Amino acid sequence: MRITLKTYRKNGLHVRLAAKFITFLQNQISDKDLIKHAYILYNGKKVQVNNLLAVVSLKIRPGEEFYFVVDRPLSEQMVADIRNFFLQQEKEDAEQVETDRILMENSLTLQEAISKIPNGIVVINRDLIITYVNRAAALLFGQDPQQMINHRVDGIIPKDELQELFQTKKPVVTKKLQLNRYTVIATYSPILLNDQVIGIVAIFQDITSIEKISKELKEVKELQQRLDLLLHSVSDLIGMTDQSGNFIYMNEVMELFLKKNQRIQSLAHIIGREDFSKLKRNPKPIMKVVKLDGQSFVIKVNPIYFDKELTGTVTTMTRLDDVKKLLEKIELMKQHNEYLEKELSRHESLHKAFHSIIGTSKTLTDTLNIAQKVASTDSTVLITGESGTGKELVARAIHEAGKRKNEPYIRVNCAAIPPTLIESELFGYEKGAFTGATKTTRGKFELAQKGTIFLDEIGDLPIELQAKLLRVLQEKEIVRIGGYEPIQLDVRVIVATNKDLKKLVDAGKFREDLYYRLHVVPIHLPPLRNRKDDIPLLVEAFRQELNQKLGKNIKGYEKGFIEYLTQYNWPGNIRELKNVMERLMSLAETDYLQCKDLPHYIFSPDQAPFKEDNGEEHIILNKKKTLKEYEKEIYTFACQNYPSFNQIAKALGVTHKTVAKKVREYGLEPLVGKKYQNT
Ligand SMILES: Nc1ncnc2c1ncn2[C@@H]1O[C@H](COP(=O)(O)OP(=O)(O)OP(=O)(O)O)[C@@H](O)[C@H]1O
């Protein structure tokens, strides 16, 4: 229901009149709920009638029309009474009019002031109805103030705390809230009248930008911490300077360095005045090596320019030793890489049986290609080459790469079997053939049936047996000692020797016919000194193999290590190289093999125990050498030229025990018998 009203009071609908109207309604209308839902409507604005401040803020002037709105019908009498209430002339003396004006002015000023406060202010009455909302609060809630006023707080402000406040009467409650996209601090204060809470003033302070700034600050702090950590965990010395070269920031290592070297006050003391003034003229970075505090550093200075002016620098100092170590590591990786690449290309072209034979030198690969070709045939193969060049390895690979690979492979070392036993070893014997022949025994040829027999050190085969071997090779059958029945053989024969068979033939120690019978497919393995390119590959392969075998984790070698190994002549060939590696790796105390741990005769080739001079070997006298050094030279010489400790002892006129002790002391085991010629 809507009642049209007017008033002719001098101050219009002023504070006192509005208050009197509320009292009038309370007295006239028993239904209190009706008053709660009664409004004054003016100029499109609708305010609750009992919201004094809101009613006054309408600024209704004398004679202007306004409306009283209720949600249910009123009696005619009541309607008339209400109209009369506003029309009724009151005795308004000048004093009264002035009092009302002051009251009105004060209320409006207060209202205006509150509405302009940048914090959001919301007033709630005891029924949890919003009775006042200022502009800032409406903005935070994203609503029109008129939509909020006269509505319950539900869904607008969390009401739990508000309800609680009516009971506890706590002076202030503060909490952080998220209102739409705003973060606010909400402060609720009870409005007390006669010790009763009649409403609550809620103040909302927008802290969104502060929150954002503090979040950014936190992020910046975190970033700085991370940067500090990064700068402090590197071993390089890092510093930032201002435009005068004074250090304004430095990492821990740089700080320590500057503390230790008090005379270094600024960047100019590090790179020199001249270079420092260059930075002021030219924004180009400077890189140089400088010796400071007894160490060499690689210094890099990056100038920071702003508006064409030098504003500071970022300076890093790296110890030259670190750079060298890094380069060594890179070099090592390069070597590993080369090794892998070469291995790959080798594996692509060779049968897998040959993969264990390391080397990419042309001399070796040519040889292996022949060996690979011959592997698929049944031809007799003669492998020649110095001791330790891999003859046995090649013999086995030929067997493995051929069609007999799943059949027996039998190796006989002709030099290791006493001459009297060799015939029975090779051909077997019948029971009773000689004293001690208690049962019929098959020889190595028979054991190798369908497979391969490898006769190593064939040059040591006694001349009497050579004829028998020739017959076997030609007729492909054997007769056991003491037997009559020939036994058919299907055996492939591979022989090897480190001796010059031709020379033996000339000296009458090897049958010429057998020599030609064996010389069907000759394969010569070059000595290591003729294929030194393979040394780095072999060393790398042995490092990997021996790491596994010895349970070690040797990662590489000191710079120069491979060069020393490459310079040495390796009389014992690959066997000697492998033995040296095994010895070094077993004794190594660091992850990298050191040059100083190499045997004396490899590490200091100038002091080699003997030198070749027209093919003759002799000890070189040198006045600067000690007796011990001479002793070592003598033992080295003897070790190389005699095959056993007994013979070394005999040659030097000392006991076997002394030889064993000295050989161990000087690390000469790998050299024993290396130059021994049994011809
Ligand atoms: N090319 C190679 N790659 C890898 N290891 C090799 C190579 N050549 C030889 N070796 C190794 O060197 C050692 C000696 O090789 P092998 O016994 O085959 O030589 P050999 O010529 O038969 O010697 P000897 O005449 O003294 O019997 C072995 O441990 C072998 O594995």
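Because the structure is predicted, anything quoted here is derived from the model rather than measured.

Each helix and strand counted, the protein chain has 27 helices and 27 strands in total. By the compact-globule yardstick of 26 Å for 679 residues, the protein chain is too spread out, its C-alpha radius of gyration being 55 Å. By its C-alpha atoms, the protein chain is 165 × 75 × 45 Å across when sized along the principal axes. For the protein chain, the proportion of contacts with a sequence separation of at least 24, taken over those separated by at least 6, is 61%. Summed over all atoms, the accessible surface of the protein chain reaches about 37700 Å², with 52% contributed by carbon and sulfur. Within the protein chain, one finds 100 positive and 88 negative side-chain charges whose respective centroids are separated by 1 Å.

Quick look at the site of the ligand now. In the vicinity of the ligand, 17 residues are found, and the nearest of them are Ile 358, Ser 387, Gly 388, Lys 391 and Arg 575. A distance of 2.7 Å is found between an oxygen atom of the ligand and a side-chain nitrogen or oxygen belonging to Ser 387. With respect to the ligand, the backbone of Glu 392 contributes an N or O atom lying 3.0 Å from an oxygen atom. Here the ligand loses 86% of its free accessible area of 630 Å² to cover by the protein chains.

On to the sheet that holds strand β9 (residues 196-206), then. Taken in spatial order, the 5 strands line up as β6-β5-β9-β8-β7 in an open sheet, and their pairing is antiparallel. Looking at strand neighbours, the two that pair on one side only are β6 (130-133) and β7 (173-179), the edges of this open sheet. Between one strand and the next, the sheet's axes are offset by a mean angle of 25°, whatever the strand orientation. As paired elements, strand β5 (residues 120-125) and β6 share 3 bridges and run antiparallel to each other. Bridged to Val 123 within β6 is Tyr 132.

In this numbering, the UniProt entry assigns the feature "domain: PAS" (unreviewed entry) to residues 106-176. For the annotated span residues 106-176, helix accounts for 45% and strand for 20% of the residues, and the straight-line distance between the end C-alpha atoms is 33 Å.

In this section: the nonpolar core. The biggest cluster of nonpolar side chains holds 41 residues, and the ones touching the most others in it are Val 539, Phe 561, Leu 565, Trp 570 and Leu 593. At the level of secondary structure, the elements contributing two or more residues to this core comprise α13 (320-349), α21 (535-550), α22 (561-567), α23 (573-587), α24 (600-603), α25 (627-641), α26 (645-652) and α27 (656-666). Looking at this core, the element that brings in the most residues is α21, giving 7 residues. Beyond its immediate sequence surroundings of up to four residues, Trp 570 is in contact with Leu 528, Ile 535, Leu 565, Glu 576, Leu 577, Val 580 and Ile 602. Counting 33 residues, the second-largest nonpolar core is a separate cluster that includes Leu 25, Ile 29, Val 49 and Ala 54.

The residue Lys 169 is not glycine, and still its phi comes out positive at about 60°. Here Lys 169 is to be found in the loop between α8 (159-168) and β7. In the Ramachandran plot, Lys 476 falls in the positive-phi region, its phi being about 55° despite a non-glycine side chain. By the secondary structure assignment, Lys 476 is in the loop between α18 (463-475) and β20 (477-478). In this structure Lys 476 comes out as partly exposed when scored by relative accessible area, which is 48%.

Glancing now at the pattern of salt bridges. Scanning the model with the defined rule gives 37 salt bridges in all. A salt bridge links Asp 378 to Lys 403, with the nearest nitrogen and oxygen atoms 3.6 Å apart. Of the two residues, Asp 378 is situated in the loop between α14 (362-375) and β15 (381-384) and Lys 403 in the loop between α15 (391-401) and β16 (409-413); the sequence distance between them amounts to 25 residues. Asp 378 gets classed as partly exposed once you look at its relative accessible area, which sits at 39%. Residue classification places Lys 403 among the exposed positions, given a relative accessible area of 60%. Within this structure, Asp 378, Lys 403, Arg 404 and Asp 490 form a network of salt bridges that share partners.

Let's shift gears to the sheet that holds strand β13 (residues 295-306). The antiparallel open sheet is built from 5 strands, whose spatial order is β11-β10-β14-β13-β12. Strands with a single pairing partner mark the edges of an open sheet, and in this sheet they are β11 (247-250) and β12 (286-292). Within the sheet, the average angular offset between the axes of one strand and its neighbour, ignoring direction, is 25°. Relative to strand β14 (residues 309-319), strand β10 (residues 237-242) runs antiparallel, the two being bridged by 6 bridges. Residue pairing for β14: Gly 239 is matched across the bridge by Thr 315. Against the sheet, helix α10 (residues 252-260) makes contact with β10, β11, β12, β13 and β14, and its axis sits at roughly 130° relative to β11, the strand it touches most.

We now examine the domain arrangement of the protein chain. Looking at the assigned domains, one finds that the protein chain contains domain 1 (2-111), domain 2 (117-209), domain 3 (234-320), domain 4 (350-526) and domain 5 (533-671). Here the C-alpha centroids of domain 1 and domain 2 sit 26 Å apart. For the pair domain 1 and domain 2, the summed buried surface comes to about 600 Å²; carbon and sulfur atoms form 36% of the total. At the junction of domain 1 and domain 2, the tally comes to 0 salt bridges. The tally of links from domain 1 across to domain 2 stands at 1 residue pair in polar contact (both at pLDDT 80 or more). Sorting elements by how many residues they give to the side of domain 1 that touches domain 2 places strand β3 (residues 45-48) first, with 3 residues.

Reading the values: rules and limits
Residues numbered from 1 in each chain as written. Predicted model: local features only at pLDDT ≥ 70, side-chain atom pairs only at ≥ 80, totals over all residues. Heavy atoms only, no water. Helix = DSSP H or I, 4+ residues; strand = E, 2+ residues; numbered from the N terminus. Rg over C-alpha atoms; globule rule 2.2 N^0.38 Å. Contact = heavy atoms within 4.5 Å. Areas by Shrake-Rupley, 256 points an atom, 1.4 Å probe, with all protein chains shown as cover. Lys, Arg positive; Asp, Glu negative; His and termini not counted. Charge placed at Lys NZ, Arg CZ, Asp CG, Glu CD. Near = heavy atom within 4 Å. Polar contact = N/O pair within 3.5 Å; in protein donor to acceptor, adjacent residues only side chain to side chain. Pairing = 2+ DSSP bridges. Axes fitted to C-alpha atoms, helices over the stretch in contact; angles between N-to-C directions. UniProt positions renumbered as here; feature names shortened; annotations may be inferred. Core = buried A, V, L, I, M, F, W, Y, C linked by side-chain atoms within 4.5 Å. Buried < 20%, exposed > 50% of the residue type's maximum accessible area, 1.4 Å probe, protein only. Salt bridge = Lys/Arg side-chain N within 4 Å of Asp/Glu carboxyl O. Domains from an automatic or database assignment. Buried area = accessible area lost by both parts, 1.4 Å probe.

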